[in-house]
Amino acid sequence: MRRLARAAAVAAPILALSATGASADQFIRMVSGPSGGSWYPLGAKIMQVMQDNIDGIAASNTSGGGIANVKAVGGGDAEIGWTYAHTAANGFNGNGKFDKAVKDIAYFATLYPSTFQVAVPRDSEITSFEDMKNANISPGKTGWTGTAFAESILQAYGFNFEDIKNNGGTVHYVDYTESVALMKDGHIDVFMAATSMPQASFIELNHSPGLRFIGVPEPKLTEIIKANPGYIRGAITPAAYEGVEQDIPTLGIVTSMIVSKDLPDDLVYQMMSVFWDNHAAFAEVKKTWNEVTLENALNGASVPVHPGAARYYEEKGVRPAS
């Protein structure tokens, strides 16, 4: 509870701007994703709906990334966050990009699969990751799961971000909006992101200057997945983007939500009820929400489920896939 009191004190100057926030007993701060992705607008809508339907809370939504969000929720800087199943597991166990275990997190829900998408201008000479050793790339911000995906793939090809820079290329750790601007201006050769599909930034760039997607060949997929438990196979499909004529193999991951384990059980139970009762409202924001189902809400759960969430799921008969 001491962490919650500190969190409320930090959040109060921002959230007290609303009438609801002025009298709130509990602040629920969400960390989602970049403004150009799916997480941010969905997060904003979810927090709005929760504030409208749960008495005594004031809710907010700010941008973030899969790795950074686990640290924020575990460190008391947010109460709920978007991430990926394998990222939550790495954080909880202190593996991968986490130099220490983040134990103050709990599972909230499994959402939908995300796909690692890599694109170059249509007339680019780059045809594979091997051609990126001296390219100008934008893999996402430091702390984003997409950036970790990029590092995993490049490592499998025998080089890394530092090698790219030493070879005369550049690495821009920026968000989707900035990446779009950089590619339109000709300042980057490659745009990478782990996100839902189709994604607005790729659609915009596919319109102008036109894109070509880079896949990960099967032997490399097997190698990368074996080295990174939690990664799954994915594909960029013709249904997602104009000009894609066949499935392009790539990496995938399951999008998840986590909460602070310190949140009261009854509050998390209420959050679960509002979250699932308003499915249609969230689907209006992004069609990808139609892939989110209560039946699959515990599939891939990689850290302990919050007791308040567990009670809700037990009442609904929801169990992890066997």
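Residues numbered from 1 in each chain as written. Predicted model: local features only at pLDDT ≥ 70, side-chain atom pairs only at ≥ 80, totals over all residues. Heavy atoms only, no water.

## Considerations on the overall build of the chain
So, point 1. In terms of helices and strands, the chain carries 13 helices and 10 strands.
So, point 2. Computed over C-alpha atoms, the radius of gyration of the chain comes to 20 Å, within 12% of the 20 Å expected from 2.2 N^0.38 for 322 residues, which places it in the range of a compact globule.
So, point 3. Principal-axis analysis of the C-alpha atoms places the extent of the chain at approximately 55 × 45 × 40 Å.
So, point 4. The buried share of the chain, reckoned over its 322 residues, is 53%.
So, point 5. Once local pairs closer than 6 in sequence are excluded, the contacts in the chain between residues at least 24 apart make up 73%. (Helix = DSSP H or I, 4+ residues; strand = E, 2+ residues; numbered from the N terminus. Rg over C-alpha atoms; globule rule 2.2 N^0.38 Å. Buried < 20%, exposed > 50% of the residue type's maximum accessible area, 1.4 Å probe, protein only. Contact = heavy atoms within 4.5 Å.)

## Side note on the pattern of salt bridges
So, point 1. Considering all chains together, one arrives at 9 salt bridges under this definition.
So, point 2. The closest approach of N and O atoms between Glu 223 and Lys 220, which form a salt bridge, is 3.7 Å. A residue pair is termed a helical-turn pair when its members lie 3 or 4 positions apart in one helix, as Glu 223 and Lys 220 do in helix 10 (residues 218-227) at 3 residues.
So, point 3. Linking Asp 262 and Lys 261 is a salt bridge whose minimum nitrogen-to-oxygen distance equals 3.6 Å.
So, point 4. For Lys 261, a relative accessible area of 41% translates into the label partly exposed. (Salt bridge = Lys/Arg side-chain N within 4 Å of Asp/Glu carboxyl O.)

## Thoughts on the packing of aromatic side chains
So, point 1. In this structure the tally under the stated criterion is 20 aromatic pairs.
So, point 2. The interplanar angle of 75° and the centroid separation of 5.7 Å between the aromatic rings of Phe 275 and Trp 289 together place this pair among those described as edge-to-face. With Phe 275 in helix 11 (residues 265-277) and Trp 289 in the loop between helix 12 (279-283) and helix 13 (307-316), the pair connects residues that are 14 residues apart, well separated along the chain. The residues Phe 275 and Trp 289 share a single accessibility class, namely buried.
So, point 3. Here the aromatic residues Trp 39, Trp 82, Tyr 84, Phe 108, Phe 275, Trp 276, Phe 282 and Trp 289 are joined through ring pairs into a cluster of three or more.
So, point 4. It is Lys 220 that lies over the ring of Tyr 157; its NZ or CZ is 4.8 Å from the centre.
So, point 5. Against the face of Tyr 269 rests Arg 311, its NZ or CZ located 3.9 Å from the ring centre. (Phe/Tyr/Trp six-rings, centres within 6.5 Å; stacked < 30°, edge-to-face > 60°. Lys NZ or Arg CZ within 6 Å of the ring centre and 35° of its normal.)

## Describing unusual backbone geometry
So, point 1. Geometrically, the link from Met 197 to Pro 198 is a cis peptide bond, its omega value of 0° lying close to zero.
So, point 2. The omega torsion of the bond from Ser 208 to Pro 209 falls at 15°, within 30 degrees of zero and hence cis.
So, point 3. The topology assignment puts Pro 209 in the loop between helix 9 (200-207) and strand 8 (211-213).

## So, the pairing of strand 4 (residues 105-121)
So, point 1. When you tally the buried positions in strand 4, you get 16 out of 17 residues, the bulk of the element.
So, point 2. The pairing of strand 4 with strand 10 (residues 248-260) spans 8 bridges and is classified as antiparallel. For Ile 105, the partnering residue across the bridge sits in strand 10 and is Ser 260.
So, point 3. Where strand 4 meets strand 8, 3 bridges bridge the pair, whose relative direction is antiparallel. Within strand 8, the residue paired with Pro 121 across the bridge is Leu 211. (Pairing = 2+ DSSP bridges.)

## Here we look at the confidence of the model for the chain
So, point 1. Taken residue by residue, the chain gives an average pLDDT of 90. The fraction at 70 or more is 92%.
So, point 2. In this model, residues 1-22 is a region of pLDDT below 50 whose contacts with residues beyond four sequence positions or in other chains number 36 contacts. (pLDDT = per-residue confidence, 0-100.)

## So, the packing of helix 11 against helix 13
So, point 1. It is the contact of helix 11 with helix 13, at a shortest axis distance of 7 Å, that shows an interaxial angle of 50°. Judged by the angle between their axes, helix 11 and helix 13 are oblique. In terms of crossing hand, the pair formed by helix 11 and helix 13 is right-handed. Residue-level inspection shows Asp 265, Asp 266, Val 268, Tyr 269, Met 272, Ser 273, Trp 276 and Asp 277 of helix 11 in contact with helix 13, the latter providing Pro 307, Gly 308, Ala 309, Arg 311, Tyr 312, Tyr 313 and Glu 315. (Axes fitted to C-alpha atoms, helices over the stretch in contact; angles between N-to-C directions. Parallel < 35°, antiparallel > 145°, perpendicular 65-115°, else oblique. Left-handed = near helix turned anticlockwise from the far one by under 90°.)

## A look at a negative patch on the surface
So, point 1. Residues Asp 123, Glu 125, Glu 130 and Asp 131 make up a contiguous surface patch of negative charge.
So, point 2. Relative to the assigned elements, Asp 123 resides in the loop between strand 4 and strand 5 (136-138).
So, point 3. You can call Asp 123 exposed: its relative accessible area is 70%. (Patch = residues over 30% accessible without salt bridge, like charges linked within 9 Å, V, L, I, M, F, W, Y side chains within 5 Å. Areas by Shrake-Rupley, 256 points an atom, 1.4 Å probe, with all protein chains shown as cover. Lys, Arg positive; Asp, Glu negative; His and termini not counted. Charge placed at Lys NZ, Arg CZ, Asp CG, Glu CD.)

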